[in-house]
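# Observations on the three-dimensional arrangement
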Amino acid sequence: MVSLSNSLGFLLIGLISFIAISPFAFSQDAPLALTPSTSSPYKVPYEAQLEYLKNGRVKLFVEFHCEIPEGANLQERMERYNRAREIVLEGEKEQGYKILYHYRYSPVLFIEFTSNLALMEVERWPGVTQVYLDVPGSGALTQTRAFHQIDSVQHSWGFRGQGRTVAVLDTGLDLNHPDFTDRIIVGAHFLNSGSNVGRDVQDGHGHGTNVTGILASGGEVSSLGAVPDADILVVRVLDSANRGWLSDWTAGLEFALRQKEINPDLTLDVVNLSLGTDALYDGVCNSRFSSFFSACQAANELGVAVVAASHNQGSQTSMAVPACYSNVVAVGSLTESIPHGVASFSNRNEHLDVMAIGQRVTASGRGGGLSTFTGTSQACPHVAGFFALTRQVLPAISPDAFKSVLAFSPDTVVDSGTELEFPVLIFSTMLKYIIHRDCDGSGDLSEDELSGDEPNCASIRIHMGDVNQDGLLDITDPIDVLTYLFTDTKVNWRCLKSADWNLDDTLDISDAVAGLAKLFIGIEPHPDFVDGCSPLAESFELPCTLDFSCLSSPLE
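Positions within a chain are numbered from 1, following the residues in the order the chain's sequence is written. Reporting in this predicted model follows two pLDDT cut-offs: at least 70 for local features of residues, and 80 or more for side-chain atom pairs to be given and counted; totals over whole chains, interfaces and linings ignore these cut-offs and use all residues. The side-chain values count all of the structure's non-hydrogen atoms but skip hydrogen atoms and water molecules.

### Here we look at the overall build of the protein
To keep things clear, this is the line we draw: Note on conventions: DSSP H or I runs of at least 4 residues are helices, E runs of at least 2 residues are strands, and numbering of each starts at the N terminus. The method behind every accessible area is Shrake-Rupley, applied with a 1.4 Å probe, and residues are considered shielded solely by the protein chains displayed.
Looking only at helices and strands, one finds 15 helices and 23 strands in the protein. A total of about 23100 Å² of accessible surface is found on the protein, and carbon and sulfur atoms cover 53% of it.

What follows is the structure in structure tokens.
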């Protein structure tokens, strides 16, 4: 039996040994014990402790609890986040930390800790629920216009992104490139995990200029982008090596959305994120990095679509953040060669939303010239541009409705590796399809209009000749035809074919003459109703609420 004196002796020897091998044990700023988080009473991750020991500092997301009533809107949630944040930060706390980002759309702070006592104390701050490390990532690295049928939408229909704004979060932009003259809105840069924030957005790599060229080149040097007349909000979140951090991407996205909040005249439609984390995630990953997910959700509620590249590790089961979020449009890459297949480098799984060409895409380049890149990064801006064009036609269409309708694309590709079938973006086909589904003329798509294989336009009965759809056949109808043909006055017709008074499948002066004759010579109007709701109609008939004054010629 061990005596009490022996026990005290062993305890004393152990204590002396601990002090001997731990010279920092009682220093005021001693290193943390290397205890894995699974057995530690603290929530600071083991990996964060290691990083602090190595560098004497560590940057962490600090998430705190916040009660949100069911059905609370974005503004109400933001107010509650702010109050909860004040509670977290009130009172005396150990110095030795610096708040780098106050996120607006989530109960999260991004903090740099330079003291281990502050790091140990953070978990005792009131309301803190999680503490986790930042993660790194990068930009997700032939002409594509013919395949995606961009020319027909721009030239025949006249849609070029006029009056729209797109945001690009990337390596920045060549601000002097002729392809973007007079359309650049200089934003800000967010780099090095919050340590480098400022106004310079000049492209130090080239990736961002290429991506922006695919999206919005004016065609002075490279080919026209998807929306050559749109304004471009430039936010730099990737460095000259095309690398970045999720903390900065979140701050950059919040910055872009803030510009829309403070400037009601800014018609920000879409944010292009041709980037992704190095780590990949199976399935839907909404629980990963709540600050970024919440910023994407805020974008949706503000009417801004977030379009993200799936990234380029070639996974058949996983995608990067943010593409794996359910509130983001995830884009994969097709090959450039015919027949177009799924590019081997493209990440994909059953939650991928759409495919576009991303292999060897030539667009605007640094120094005022051209550049060629390959990757899901290059597929992504095609889809972002298409949403901006869709907004030109249906101004009220929501990001959720747009994401849903992509699944109805009649053009698909089957991935030989997974046997999954993915929608393929063809501009003209999909734009017709979207327009045909807006049966009530709201400019948005309801759940009923999105459901089923056929749009619910059958109940809409438009009489032949009732051009302005006021329920009357009168002088205003042929006058509307003349207005459309010979002036720049905006008109708002539901069905272009209703103006074809003489039923010759063309729209010209003879239709106005036929309308006047029918009204004033006593000829009865054509008794038929217009059937123009076939979603894949190849004729010029196109029931819609679009601004026809932007058309350069009648639809073919």
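### Some remarks on the packing of helix 7 (residues 207–216) against helix 10 (residues 376–393)
For the record, the criterion: To obtain each axis, a line is fitted to C-alpha atoms, and for helices this fit is confined to the stretch in contact; angles are then taken between N-to-C directions over 0 to 180 degrees. Note on convention: near helix rotated counterclockwise from far helix by under a right angle means a left-handed crossing. Clockwise means right-handed. Contact between two residues is taken to exist if any of their heavy atoms lie within 4.5 Å; hydrogens are not considered. Under the convention adopted here, Pro, Cys and the residues Ala, Val, Leu, Ile, Met, Phe, Trp and Tyr are nonpolar, Asp, Glu, Lys and Arg are charged, and Gly plus all remaining residues are polar.
Interaxial distance between helix 7 and helix 10 falls to 8 Å at its minimum, and their mutual angle equals 35 degrees. Every pair of crossing elements has a handedness; the one defined by helix 7 and helix 10 is right-handed. Contact residues: helix 7 offers His207, Asn210, Val211, Ile214 and Leu215, while helix 10 offers Ser377, Gln378, Pro381, His382, Ala384 and Gly385. Grouping the amino acids of the contact of helix 7 with helix 10 by side-chain chemistry returns 5 nonpolar, 6 polar and no charged.

### Comments concerning helix 10
Condition: Each residue after the first adds 1.5 Å to the expected span of a helix. Burial classes: relative accessible area under 20% of the type maximum marks a residue as buried, over 50% as exposed, and values in between as partly exposed (1.4 Å probe, protein chains only).
The terminal C-alpha atoms of helix 10, which comprises 18 residues, lie 27 Å apart, in line with the 26 Å expected from a rise of 1.5 Å per residue. Taken across its 18 residues, helix 10 has 18 buried, putting it largely inside the fold.

### Overview of the pairing of strand 19 (residues 370–373)
To be explicit about the condition: Think of it this way: DSSP has to see at least two bridges between two strands before they count as a pair.
Of the two faces of strand 19, the one holding Ser371 and Phe373 is buried and the one holding Leu370 and Thr372 is not buried anywhere. Alignment of strand 18 (residues 361–364) against strand 19, held across 4 bridges, turns out to be antiparallel. Bridging across to strand 19, Thr362 finds its partner in Thr372. In this structure, the hairpin formed by strand 18 and strand 19 is closed by a connection of 5 residues, where Gly367 is found at a positive phi of approximately 85 degrees.

### Side note on the sheet that holds strand 14 (residues 305–309)
The strand order 8-7-9-6-11-14-16-17 describes an open sheet built from 8 strands, whose pairing is mixed. Since the sheet does not close on itself, it has two edges, and those belong to strand 8 (196–198) and strand 17 (354–357), each with one partner. The average undirected angle you get between the axes of adjacent strands in this sheet is 25 degrees. For strand 14 and strand 16 (residues 329–334), the ladder comprises 3 bridges, and the chain directions are parallel. By the bridge assignment for strand 16, Val307 is matched with Val329. Against the sheet, helix 7 makes contact with strand 6 (165–170), strand 9 (231–236) and strand 11 (268–273), and its axis sits at roughly 155 degrees relative to strand 6, the strand it touches most. Those strands touched by helix 10 are strand 6, strand 11, strand 14, strand 16 and strand 17, and its axis lies near 175 degrees from that of strand 11.

### Considering the state of the cysteines
Where we set the bar: Cysteine sulfur atoms are paired as a disulfide whenever they come within 2.5 Å of each other.
For the coordinates displayed, the defined rule picks out 1 disulfide. A disulfide bridge connects Cys285 with Cys324, and the sulfur atoms are separated by 1.9 Å. Taking the sign of the S-S torsion, 80 degrees for the link of Cys285 and Cys324, the bridge is right-handed. Remark: Cys324 occurs in the loop between strand 15 (318–320) and strand 16 and Cys285 occurs in the loop between strand 13 (280–282) and helix 9 (290–301); sequence separation between them is 39 residues. An identical accessibility class is assigned to Cys285 and Cys324; each is buried.

### Structural notes on the sheet that holds strand 5 (residues 136–139)
Read from one edge of the open sheet, 3 strands run 10-5-12, paired in antiparallel fashion. A single partner strand is all that each edge strand has here, and the edge strands are strand 10 (243–245) and strand 12 (275–277). The mean inter-strand angle of the sheet, taken between neighbouring strand axes irrespective of direction, is 35 degrees. The pairing of strand 5 with strand 10 spans 3 bridges and is antiparallel. Note that in strand 10 the partner of Pro136 across the bridge is Trp245.

### Observations concerning the pattern of salt bridges
The line we're drawing: The salt bridge definition used is simple: a Lys or Arg side-chain nitrogen within 4 Å of an Asp or Glu carboxyl oxygen.
Inspection of the entire model under this criterion finds 11 salt bridges. Note that Glu301 is salt-bridged to Arg77, the shortest N-O span being 2.6 Å. In this structure, the salt-bridge partner of Glu261 is Arg104, at a minimum N-O distance of 2.7 Å. One network of salt bridges, with partners in common, ties together Arg164, Asp269 and Arg391.

### Regarding the packing of aromatic side chains
Any aromatic ring pair is given by two values, namely how distant the centres are and how the planes are angled relative to each other. Spelled out, the test is: Pairing of aromatic side chains requires ring centres within 6.5 Å, counting the rings of Phe and Tyr and the six-membered ring of Trp. Pairs whose planes differ by under 30 degrees are stacked, by over 60 edge-to-face, and all others tilted.
This structure, assessed with the given rule, holds 18 aromatic pairs. Considering the side-chain rings of Phe113 and Trp125, the 6.4 Å spacing of their centres and the 45 degrees angle between planes classify their relative orientation as tilted. Highlighted residues: Phe113 in strand 3 (residues 108–113) and Trp125 in the loop between helix 4 (116–121) and strand 4 (128–133), separated in sequence by 12 residues. We note that Phe113, like Trp125, is buried. Summarising the aromatic geometry, the rings of Trp249 and Phe292 are spaced 6.4 Å apart at their centres and angled 55 degrees between planes, so their arrangement reads as tilted.

### A short note on the nonpolar core
What counts here: In plain words, nonpolar cores are sets of buried Ala, Val, Leu, Ile, Met, Phe, Trp, Tyr and Cys residues tied together by side-chain atoms within 4.5 Å.
With 59 residues, the main nonpolar core has Phe289, Phe292, Val321 and Tyr325 as its most contacted residues. When residues of this core are assigned to their parent elements, the largest contribution, 7 residues, is made by helix 8 (residues 246–262). Not counting chain neighbours up to four residues away, the residues in contact with Phe292 comprise Leu246, Trp249, Thr250, Leu253, Leu273, Val321, Pro322 and Tyr325. Formed by 48 residues, the second largest nonpolar core is a distinct cluster that contains Val234, Val331, Phe386 and Phe427.

### A few points about the side chain of Arg164
Cut-off, in case you're wondering: Pairing of N or O atoms within 3.5 Å defines a polar contact, subject to two protein rules: one partner must be a possible hydrogen donor and the other a possible acceptor, and residues neighboring in sequence count only if both atoms are side-chain atoms.
Position of Arg164 among the secondary structure elements: in the loop between helix 6 (150–156) and strand 6. Using a relative accessible area of 14% as the deciding quantity, one classes Arg164 as buried. In terms of polar contacts, Arg164 uses its side chain to reach the side chain of Asp269, at 2.8 Å.

### Side note on the confidence of the model for the protein
Note the threshold: Per residue, pLDDT measures the predictor's confidence, with a range of 0 to 100.
Per-residue pLDDT for the protein averages 81, and the proportion of residues at 70 or more is 78%. In this model residues 456–461 is a low-confidence stretch, pLDDT under 50, and it forms 9 contacts with partners more than four residues away in sequence or in other chains. Scored below 50 in pLDDT, residues 524–556 shows 105 contacts in the model against residues more than four places distant or in partner chains.

### Quick look at the pairing of strand 2 (residues 97–102)
Where strand 2 and strand 3 come together, 5 bridges link them in antiparallel fashion. Directly across from Ile99, in strand 3, lies its bridge partner Ile111. As consecutive antiparallel partners, strand 2 and strand 3 are separated by 5 residues.

### Here we look at the environment of Thr209
By secondary structure assignment, the location of Thr209 is in helix 7. Expressed as a C-alpha distance, the spacing of Thr209 and Asp170, which sit 39 residues apart in the sequence, is 8.6 Å.

### Remarks on a nonpolar patch on the surface
To keep it simple, the criterion reads: Each patch is built from residues that are more than 30% exposed by relative accessible area and take part in no salt bridge. Like charges join if they lie within 9 Å; nonpolar side chains (Val, Leu, Ile, Met, Phe, Trp, Tyr) join within 5 Å.
Side chains of Ile475, Ile479, Leu516 and Phe520 sit close together on the surface and give an oily, nonpolar patch of about 360 Å² of accessible area. Secondary-structure assignment places Ile475 in the loop between strand 22 (462–463) and helix 14 (476–486).

### A closer look at the environment of Ile214
The residue Ile214 is located in helix 7 in this model. For the pair formed by Ile214 and His382, sequence separation is 168 residues and the distance between their alpha carbons is 6.8 Å. Beyond its immediate chain neighbours, meaning those up to four positions away, Ile214 contacts Gly225, Ala226, Val361, Ala363, Gln378, Pro381 and His382.

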